[in-house]
Structure formats: structure tokens, C-alpha cells
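Chain by chain, the residues run as shown.
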Amino acid sequence: MNPILAYFIYYMLVMGTIMVLISSHWLLIWAGFEMNLMAMIPIMLYNQNPRSTESAIKYFMIQTTASIIFMMSVSINLMLTGQWTVMYINNSMLSTIITISMLMKLGAAPFHLWLPEVAQGLHLNSSMILLTWQKLPLIYLYSLYSTLNFNIMIISALLSIVLGGWGGLNQTQLRKMMAFSSIAHMGWMMAVLCYNPNIMILNLFIYMIMTITLFMIFKYNSSTNISNLSLICNKSPITASLLALMFMSLGALPPLTGFLPKWMVAQELIKNNNTMLALIMLMFALISLFFYMRLIYSTSLTMFPSTNNMKMYWLYANSNNYSFITIIFSIMSIMMFPLMPILMNLY
């Protein structure tokens, strides 16, 4: 891709997202979503092949449908109120329509089936952008949390946690597993959104840091499925140990970073007299933990069969020179738990 064109595309992707987050005008928010969509399609087609083309078409159709539903609700709101300003919506039908359009855009259950298929057909870089940066419009719901349909959000949150964990159990492709992981984490964010949006934002940023770190490691090791992970222990035991810690953090095992947002979400639900909801979410989170443990087993506890006398490759033959950003993100993904008292005081 031409560097100038690539710069323009990424600039439009960033500006579209920023426009969504800072606008207080319904039409500008819709325009920001469309700018984001038009910039994401060329990124998906960067390494053009039939699978990436199919993923781009699926993504375009889903996002366009969600935008049409969103614009329809905004137009009805304009007819009822006579203004474009984002404000509290009293009409339950409009609240339901806006909630459904946002769930479709973010890939939350029961509108989640497109996300694993789209992520699987993309290059690792494009898939990382889809599962991280494209979740930032969730912050836009911060200004709409009092408008969204509470019952639909809770039902979608529970479905996302269950189906996200269940769908990843029998997968062998890493991009699909990370997509189902994204769906499950989306459920935790939506569950706390109606009670404390600040914790939702913290949860989103911690999830993005952990996901970006994993995709960076996958890219450096050219890993796209579980079979590739079994080679990492032979090539670099340090990388295998780091991946094991990363998967445990993503599965929310204490005292790693990933345990921090789930603890805060469960505590917030219990404070709002939703103990049963928190208990159900924690129980279903064990399903997701199972396939993370399956990845840890493939990465750290198995070795690829080899006829060589040496179990390790020559240390300098396939050395991985990780970037400084990867090292910083890895530390943040594993060792932020001691900051929990400070973060809890902030929220």
C-alpha cells in the first residue's frame, strides 16, 4: 500500500472514532461511524485474498445494517423532539432500537456470529485492529447509558459471556478464539455499563492492552493456530512462559492484571444488590477459562515431536527481537494488579 494512502486511511480511522466519541450531534455521530467503516475496509483488504475479501464484505454488510437501524432511530427521534442533540430518550422503542444497533456494531450476543468469521479471514494486524480499536465506540455508550434499554443490555451481557466462552471451546484457530474472547469480555463491560460506566472504560482499556500484546506475540512467532503454539516452547521458553501468563491474565486468574476488572465488575454488581447476576457471570467465566488453559497446555506443557537429540533449537537461529512497546504492554498485561487499591479509590 502506498505510504501516503496508508497514512490517510489510518488518519480517517482515528478521526472517525474520535468524532463518534466527542460529538453531541446525532448526525455527526453517524458520520463518524461511516468514516470509521470506510477506513476499515481498505485495512481489511491490505493482504488481498478470497478470505479477506469475504471478511470485508461481511463486515461492510453488518456495519451498514447497524448504521441504517441507528439512523432510523435518530430520524424518528428528530420527528418527535425536533432537534439533533444527544439527550435522554424517553421513548422505549427508540431506546431499544439504538441499543440493538450498538450491539450489532460491537459484535455482542446475540448479534455476534459475524465477528469470529470476519476476524479469521483477516491478517493478524487487521484482526488486532478489529478486536481492539473497533471496540472504542463502546465508550460512546458512556453518554447514553441512561438511555439504553437496561433489560436488553443485561440479557446481551449474559449471552455474550456464555456464548463467547462456549464458542471458543472447540476452536483451533487463534484469531477465532480471540474473537470469542472479545465477545465474552464485551459481556462483562455491558453488564457494568448500566451501573458504573467508569469501570466499563477501565475494563475496556485493560482488555485492549492484553489483546494487543497477544497479537504482537502471535505476529512475531507467525502463530495462527494451536499447532504453531506447540513449537514456541522449543524455540523460546521465555516466550512460552510469557504466553502462559498472558492467557492466565486474560482468563482473570489472580494476582494478574486480568483479574482486576472482573473483581471490580463483580463488586459493583454486588453493591447494587445484583449478587445472583454476579455469581452467574463468574460461573460462566469458567467456560472461557477452560479454553485459555487449553492454550496454555499447548504452549507450555507440550513439545513438538522431533528426531533431534536436542529439544531446543539453536538459540541464535530463530531469535525474536521484541519491540519496546511489546515489552511494556506485556508488563502492563501481567503486573498491574498492585495498582488495584488506587484504581478502586478512583472509581
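Residues numbered from 1 in each chain as written. Predicted model: local features only at pLDDT ≥ 70, side-chain atom pairs only at ≥ 80, totals over all residues. Heavy atoms only, no water.

(A) Local environment of the overall build of the protein. For the protein, the helix and strand inventory stands at 15 helices and zero strands. In terms of principal-axis extent, the alpha carbons of the protein reach across some 75 × 50 × 35 Å. A total of 347 residues make up the protein; the buried ones form 54% of that total. The long-range fraction of contacts in the protein, counting pairs at least 24 apart against all pairs at least 6 apart in sequence, stands at 78%. (Helix = DSSP H or I, 4+ residues; strand = E, 2+ residues; numbered from the N terminus. Buried < 20%, exposed > 50% of the residue type's maximum accessible area, 1.4 Å probe, protein only. Contact = heavy atoms within 4.5 Å.)

(B) Examining the pattern of salt bridges more closely. Scanning all chains against the criterion turns up three salt bridges. For Glu 117, the salt bridge identified is with Lys 176, shortest N-O distance 3.2 Å. Here Lys 176 lies in helix H8 (residues 174-193) and Glu 117 lies in helix H5 (residues 114-120), a separation of 59 residues in the sequence. Overall, Glu 117 belongs to the partly exposed group, its relative accessible area being 32%. The partner of Glu 268 in a salt bridge is Lys 271, and the shortest N-O contact between them spans 3.7 Å. With Glu 268 and Lys 271 both in helix H12 (residues 259-271) and three residues apart, the pair spans about one turn of that helix. (Salt bridge = Lys/Arg side-chain N within 4 Å of Asp/Glu carboxyl O.)

(C) Just the side chain of Gln 120, in detail. One can find Gln 120 in helix H5. Among residues more than four places away in sequence, those in contact with Gln 120 are Arg 51, Gln 173, Arg 175 and Lys 176.

(D) Representation of unusual backbone geometry in the model. Looking along the chain, the bond that leaves Ala 109 and enters Pro 110 is cis, with omega of 5 degrees. Its place among the elements puts Pro 110 in the loop between helix H4 (92-106) and H5. Here the amide bond leading from Pro 254 into Pro 255 is cis, since omega sits at 5 degrees, within 30 degrees of zero. Considering the arrangement of structural elements, one finds Pro 255 in the loop between helix H11 (237-250) and H12. For Ala 252, which is not glycine, the phi torsion reads 70 degrees and is therefore positive. By the element assignment, Ala 252 lies in the loop between H11 and H12. Judged by relative accessible area, Ala 252 falls into the buried class, the value being 12%.

(E) Looking closely at a nonpolar patch on the surface. Nonpolar side chains collect at one region of the surface, where Tyr 7, Tyr 11, Val 14, Met 15, Ile 18, Leu 21 and Ile 22 lie side by side and expose about 670 Å² of accessible area between them. For Ile 22, the location among the structural elements is in helix H1 (residues 3-22). (Patch = residues over 30% accessible without salt bridge, like charges linked within 9 Å, V, L, I, M, F, W, Y side chains within 5 Å. Areas by Shrake-Rupley, 256 points an atom, 1.4 Å probe, with all protein chains shown as cover.)

(F) Examining the environment of Ile 98 more closely. Within the element layout of this structure, Ile 98 appears in helix H4. The buried category is assigned to Ile 98, whose relative accessible area is 2%. As for Ile 98 and Ile 41, which are separated by 57 residues in sequence, their C-alpha atoms are 24 Å apart. Apart from the residues within four sequence positions on either side, Ile 98 is in contact with Trp 26, Ser 73, Ile 89, Leu 144 and Leu 148.

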